[in-house]
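# Residue-level structural notes
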2 protein chains.
Amino acid sequence: MPRLADPALPARRRGQILEAARYCFRERGFRHTTVEEICAEARISPGALYRYFDSKTEIITAIALDARAEAEALLDRLSGSDALVEALAELAQAFFTAFDSDGDAALLADIWAEACRDPLLAQALRERDQAALARMTQAIERAQEAREIYPALAAREIAETLLATLEGMALQRALRRENANGDAVRRFRALALHLLKPKR
Amino acid sequence: MPRLADPALPARRRGQILEAARYCFRERGFRHTTVEEICAEARISPGALYRYFDSKTEIITAIALDARAEAEALLDRLSGSDALVEALAELAQAFFTAFDSDGDAALLADIWAEACRDPLLAQALRERDQAALARMTQAIERAQEAREIYPALAAREIAETLLATLEGMALQRALRRENANGDAVRRFRALALHLLKPKR
DNA sequence: ACCTGAACACCGTTCAAGT
DNA sequence: ACCTGAACACCGTTCAAGT
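Here is a short report on the structure shown in this document. This one's a predicted model, so the numbers in the text were calculated from it and none came from an experiment.

## As for the pattern of salt bridges
Throughout the structure, instances matching the rule amount to 40 salt bridges over all chains. The residue Asp6 of chain A makes a salt bridge to Arg12 of chain A at a minimum N-O spacing of 3.1 Å. Classification of Arg12 of chain A as partly exposed rests on a relative accessible area of 48%. The closest approach of N and O atoms between Arg156 of chain B and Glu160 of chain B, which form a salt bridge, is 3.9 Å. On the criterion of helical spacing, the pair formed by Arg156 of chain B and Glu160 of chain B is a turn pair, its members being 4 residues apart in helix H9 (residues 155–176). Overall, the relative accessible area of 38% leaves Arg156 of chain B in the partly exposed class. Using a relative accessible area of 12% as the deciding quantity, one classes Glu160 of chain B as buried. Several salt bridges converge on common partners, so that one network encompasses Arg68, Asp129, Arg156, Glu160 and Glu167 of chain A together with Arg176, Glu178 and Arg187 of chain B.

Structure follows, in structure tokens:
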């Protein structure tokens, strides 16, 4: 008999449950997904699941944080680039692709709804959001200093507007079940162009 | 004994239930609101409630349609105006005020999430959305024809972007629990200005 | 005709019993 | 130590019984 059980087991089980949960949530959303369904998908019993998560809400929180972290990671491509508008267009392209195929976009909407009701999750997402905002603001400031664009508006204002628009467009696409993303990317690019290079 | 019961009763009961439901949904969201709570708030029994609505989902649908209709009605103020940018700023102001005090903004998020999962609701909201889009497009076209603004971008593209941004900003505000709306309105106004008057 | 509230089926969570 | 699955409390929905 081993004195210590496999120390990697908890992490593995949590991963296994989260993967199953994410699949179910994408398919049917938070509201319509049953713990029993997650258990079936993860091939685990309810009792075992509740050994690794305190509640369905905690699973939702974990999925939400994960998805938003993924989204924020896309901002990496802004750092190196020196053609800001093109980099922003690529960011939009990547964002829409990541939250594209049906369920993923709906998952975004679910996350917003849950965050509005759960103060803990809201706090965590606000922090992520601030980080994303800071990174985009910095990228814009660098471009302004390099005279690549004209500082007609405060960098932070532009960043806030661009992020809000990205989010809003993602939701529109979810509602309309648009899978092609050319239109949205083009519109986002035009927006960035007009905000960053106002031709004054 | 009356041959016909009060013909206004069904409408009254439905209104009574919807008002109670809206209060509960604002307070706790779709997911965390109980039919029992709605019944208590409406001072009615579960059996009576199910006489007027087939399911909790149907109540949610009714509330969602109602809220979006309210939002679309705000577009009225674009029709008469001849100072488009100012009218847009006022629209944003009205929108943020309507979906301001705490629960209302969260309700918006709930509606998006539900719409992504319920094809019937999605269809209905898409129709409302198209109508809103058409109205804003028309207002922009009129301004372009009047040479008030320069037709640098297609009116419909601008309208799509502005509506997406309005939605995205409303969600950001919900997450951050911002009650003052000066910042968001100012940013939206700047956005409209840059998209509509690109100074070419 | 309209309502009540107990009853039912289902879902989130727990826990005694197994290995 | 870790798991199973029956049991429990709660929530959406129905229905027999009342007026």
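## Regarding the relation of the copies chain A and chain B
It takes a turn of 180 degrees to lay chain A on chain B, together with a shift of 0.0 Å along the axis; the resulting RMSD is 0.0 Å. Overall, the copies show the geometry of a two-fold rotation axis. Residue by residue, 100% of the interface of chain A is reproduced at the interface of chain B, so both copies engage with the same surface.

## Remarks on the packing of helix H10 (residues 182–196) of chain A against H9 of chain B
Relative orientation of the contacting elements H10 of chain A and H9 of chain B amounts to 85 degrees, with a least axis distance of 10 Å. The angle between H10 of chain A and H9 of chain B places the two elements in the roughly perpendicular class. Mapping the contact onto sequence places Arg186, Arg187 and Leu191 of chain A in H10 of chain A and Glu157, Glu160 and Thr161 of chain B in H9 of chain B. Split into classes, the residues belonging to the contact of H10 of chain A with H9 of chain B amount to 1 nonpolar, 1 polar and 4 charged.

Reading the values: the criteria
Residues numbered from 1 in each chain as written. Chains lettered and ligands numbered in written order. Predicted model: local features only at pLDDT ≥ 70, side-chain atom pairs only at ≥ 80, totals over all residues. Heavy atoms only, no water. Salt bridge = Lys/Arg side-chain N within 4 Å of Asp/Glu carboxyl O. Buried < 20%, exposed > 50% of the residue type's maximum accessible area, 1.4 Å probe, protein only. Helix = DSSP H or I, 4+ residues; strand = E, 2+ residues; numbered from the N terminus. Least-squares fit on C-alpha atoms with pLDDT ≥ 70 in both. Contact = heavy atoms within 4.5 Å. Axes fitted to C-alpha atoms, helices over the stretch in contact; angles between N-to-C directions. Parallel < 35°, antiparallel > 145°, perpendicular 65-115°, else oblique. Nonpolar A, V, L, I, M, F, W, Y, C, P; charged D, E, K, R; others polar.

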